[in-house]
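Here is how the chains run, residue by residue.
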Amino acid sequence: MVSSMQEKEQHGGITTGFAWFQVAFGQWDEDDVVEQWPCSGGMSPREHRAATSDLKGGGRQTWLDTVVCGMAAVMGGSVKQTAAHLFMNVSNGQIWYWYQYITHAIMSGHYGEVLHRYLGLKHWKFGLSGSAITFCLKSCLALGRLEFGRAIHVDSLKVNLNSDCFVGSSLIRLYSENGKLEDAYKVFDEITNKDLVAYTSMITAYAHSGNSCAYGAFRIAYTMQEQGLHPNRVTLVSLLQAAAKLGLLQEGRAIHGYAVRREIGLSDEIFETTLLDMYHKCGGVGMATTLFGKMNTTSTTVGSWNTLIAAYLHNGQAFVAFDLFCQMMRKKVLPDLLTLANAIMSCANLNYLCHGKSIHGYMIRMGVEPDLVACTTLVDLYSKFDVTKARTMFERVGNKDAVIYDVMMTGYLENDIKLQRHQTSKVYPWDEIKGLGVMDFNDNRLCLS
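Residues numbered from 1 in each chain as written. Predicted model: local features only at pLDDT ≥ 70, side-chain atom pairs only at ≥ 80, totals over all residues. Heavy atoms only, no water.

Asker: Mind showing me how you'd approach the environment of Val379 here?
Answerer: When you line up the elements, Val379 lands in helix α23 (residues 372–383). For Val379, a relative accessible area of 0% puts it in the buried group. A sequence separation of 34 residues divides Val379 from Met345, and the C-alpha atoms of the two residues are 9.9 Å apart. (Helix = DSSP H or I, 4+ residues; strand = E, 2+ residues; numbered from the N terminus. Buried < 20%, exposed > 50% of the residue type's maximum accessible area, 1.4 Å probe, protein only.)

Asker: It is not clear to me how helix α9 (residues 130–143) should be interpreted in this structure. Could you clarify?
Answerer: Structural remark: α-helix, 3.6 residues per turn; residues separated by three or four positions point the same way. Taking 1.5 Å as the rise per residue, α9 with 14 residues should run 20 Å; its terminal C-alpha atoms sit 20 Å apart, in good agreement. Restricting attention to buried positions, one finds in α9 the residues Gly130, Ala132, Ile133, Cys136, Leu137, Ser139, Cys140 and Leu141. Downstream of α9 by one or two residues, Gly144 has phi in the positive range, about 70°. (Expected span 1.5 Å × (residues − 1).)

Asker: For this particular structure, what's the right way to read the nonpolar core?
Answerer: Inside soluble globular proteins, nonpolar side chains tend to come together where they are buried. Ile152, Ile172, Met202, Leu236, Met278, Ile359 and Val379 are the most contacted members of the largest nonpolar core, which has 99 residues in total. Residue contacts for Leu236: discarding those within four places in its chain leaves Pro231, Ile255, Tyr258, Ala259, Ile264 and Phe271. (Core = buried A, V, L, I, M, F, W, Y, C linked by side-chain atoms within 4.5 Å. Contact = heavy atoms within 4.5 Å.)

Asker: Would you mind showing me how to read the environment of Phe166 here?
Answerer: With respect to the secondary-structure elements, Phe166 resides in helix α11 (residues 165–177). Residues Phe166 and Ser201 lie 35 residues apart in sequence; the distance between their C-alpha atoms is 9.9 Å.

Asker: For this particular structure, what's the right way to read the pattern of salt bridges?
Answerer: According to the stated counting rule, one finds seven salt bridges in the structure shown. Asp183 is paired through a salt bridge with Arg150; the nearest N and O atoms lie 3.1 Å apart. Of this pair, Asp183 sits in helix α12 (residues 181–190) while Arg150 sits in helix α10 (residues 146–158), and the two are 33 residues apart along the sequence. Judged by its relative accessible area of 21%, Asp183 falls in the partly exposed class. Of the residues examined, Arg150 reaches a relative accessible area of 26% and is grouped as partly exposed. (Salt bridge = Lys/Arg side-chain N within 4 Å of Asp/Glu carboxyl O.)

Asker: I'm lost on the side chain of Ser169 in this one. Help?
Answerer: Relative to the elements of secondary structure, Ser169 occurs in helix α11. Setting aside residues up to four positions removed in sequence, Ser169 forms contacts with Ile191, Val197, Ala198 and Ser201.

Asker: Looking at this structure, I do not really get the confidence of the model for the chain. What am I missing?
Answerer: The predicted structure's coordinates, where accompanied by low pLDDT, should not be read in detail. Here the chain shows a mean pLDDT of 75. Residues at 70 or above account for 69%. Scored below 50 in pLDDT, residues 418–430 shows 21 contacts in the model against residues more than four places distant or in partner chains. (pLDDT = per-residue confidence, 0-100.)

Asker: What is the right way to read unusual backbone geometry from this model?
Answerer: Residues apart from glycine generally show negative phi values, whereas peptide bonds are mostly found in trans. The backbone phi angle of Asn160 is positive, close to 60°, even though this residue is not glycine. As for its position among the elements, Asn160 is in the loop between α10 and α11. Backbone geometry places Lys332, a non-glycine residue, at a positive phi of 60°. Tracing the sequence through the fold places Lys332 in the loop between α20 (318–330) and α21 (337–350). Classification of Lys332 by relative accessible area gives exposed; the value is 75%.

Asker: Which parts of the structure should I look at to understand the packing of helix α8 (residues 111–123) against α9?
Answerer: Any two packed helices are characterised by how steeply their axes cross, that is the angle between the axes, and by the distance between the axes. α9 packs onto α8 with a crossing angle of 140° between their chain directions and a minimal axis gap of 9 Å. It follows from the interaxial angle that α8 and α9 lie oblique. Pair α8 / α9 crosses with left-handed handedness. Contacts between α8 and α9 involve Tyr111, Gly112, Val114, Leu115, Tyr118 and Leu121 from the first element and Ala132, Phe135, Cys136, Ser139, Cys140, Ala142 and Leu143 from the second. Its residues assigned to classes, the contact of α8 with α9 comprises 11 nonpolar, two polar and no charged. (Axes fitted to C-alpha atoms, helices over the stretch in contact; angles between N-to-C directions. Parallel < 35°, antiparallel > 145°, perpendicular 65-115°, else oblique. Left-handed = near helix turned anticlockwise from the far one by under 90°. Nonpolar A, V, L, I, M, F, W, Y, C, P; charged D, E, K, R; others polar.)

Rendered as C-alpha cells:
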C-alpha cells in the first residue's frame, strides 16, 4: 500500500490531495498517508491532527474535514470542485472550516475563490468577522475589485466592524491604492480605538499620494504622537517617502535623527534605501554619499547602488554616477535593468560610446530585455554618434511615449539632419505623435527648412 503511494508522490500536490480523499472515503489508512505526505507550516500531520482535535473536539472527522478544506483551496480542476462541494457540507457547515479554506486560498493566490466563498458565507447567513472581511478586502485589492470592496465595506458597517483597526486598515489601503484618498480618511476617522497599525496605514496612504496631500502624512504622525504612540520602521519609511516627494530636507533629516536615537532601521535595506532616496531627491547628495559609505557591505544591495547612481546622474554629475557603476560591477553586485539604464544614460551624457556599447552588449549576452526607459537611453546614446543606428533602435520600440520621440528628434537636430515627411509612414509617424497628445498642431504650422 505504501509503495503504491510512493509511486504517486512524483505528481506533487495533486497526488497528496488525492491521497487525503482516499482517507476521507475510507479507502486508504490515514497513518500511511501521514508517513508519506507531511503538512505545511512546520507541523507534522499527527501534531496537526491532535491540535485540530483539541481545538474543536471533533476528533478524526474534524481533522479530515480540515484537510479537505485546505486541499480544496490549493488544487485545480474537478478535484477542487469536488473538495469545495465537500467544504459546503462538512460538519454542518461550521464557520471554522470556512476560515481554514480561505486561509489556504489566500496563501495560494486564489483571490477570486475567496470572494466567491465570501458570497457563499453571506448566502448561508454565517456570522461575519473581522478576519473574513480583512481576507476579502485583500483579495479585492489584488484583483482590482473596488466596487466589490465597497460592498464589503457596507457589510462591515452593518455588523459594526468598520471601527475594527484591522478592517479599517484594510479599507484604507483599498481606497488609497485606488485613488480614493477622501474615502480612506473617512474610514480612518470611523476607527474608534486607533492603534499604530491604523495610523501607519493612513500615513502610508498620504505618503503615496501624488500631490500636496502628502503633507497629511506629517499631520497624522503628529496626532499619533500626541496619543502616546511611537512610529515604527514602517511608519518612518512612509514619512521619508512623503518628505522625498515634497522636497522637505529638514523634515527628512529630523526623521533620520529620530531613527538614529531610537535605533530604528539600522542595517535595514528598505529603510536605508528610502533614506538615500530622500536625501537625493531633496538635494542632499553629499549626505546620501556619506550615508552610503557608512552602510554595511551586506546592506549595499542593488537598490542602494541604484539610488546613489541616480542621485548623481540627476544632479548633473554623470562621471561620478558612471564611476559608481564601475565600482558596483567590481564588487560583483548584479545590476538590474534600472542600473543598466542609468549607466547608459551616464555614457550618453559623457559621450562614452564604447562604454555604452559594452553595456548594451552585456544586456544582450545576459538576455536582458530592455524596457522603454532603457530603449530611450540607448536611442539617446547612439543618436550622438550614429543616428541611423539610433533610428533602428527607435523603430524596434513597440509602445513609444513622448520622451523617446523627443530624444529621437533631438538626435536628428544635433546631427544637422533636416526633418521631413517621407512617403512611408515608417520614417516619421506624425499621426502617431498627435495621437499621443505630445503636440497639438496642424501640418501647415510646422515649418521645416
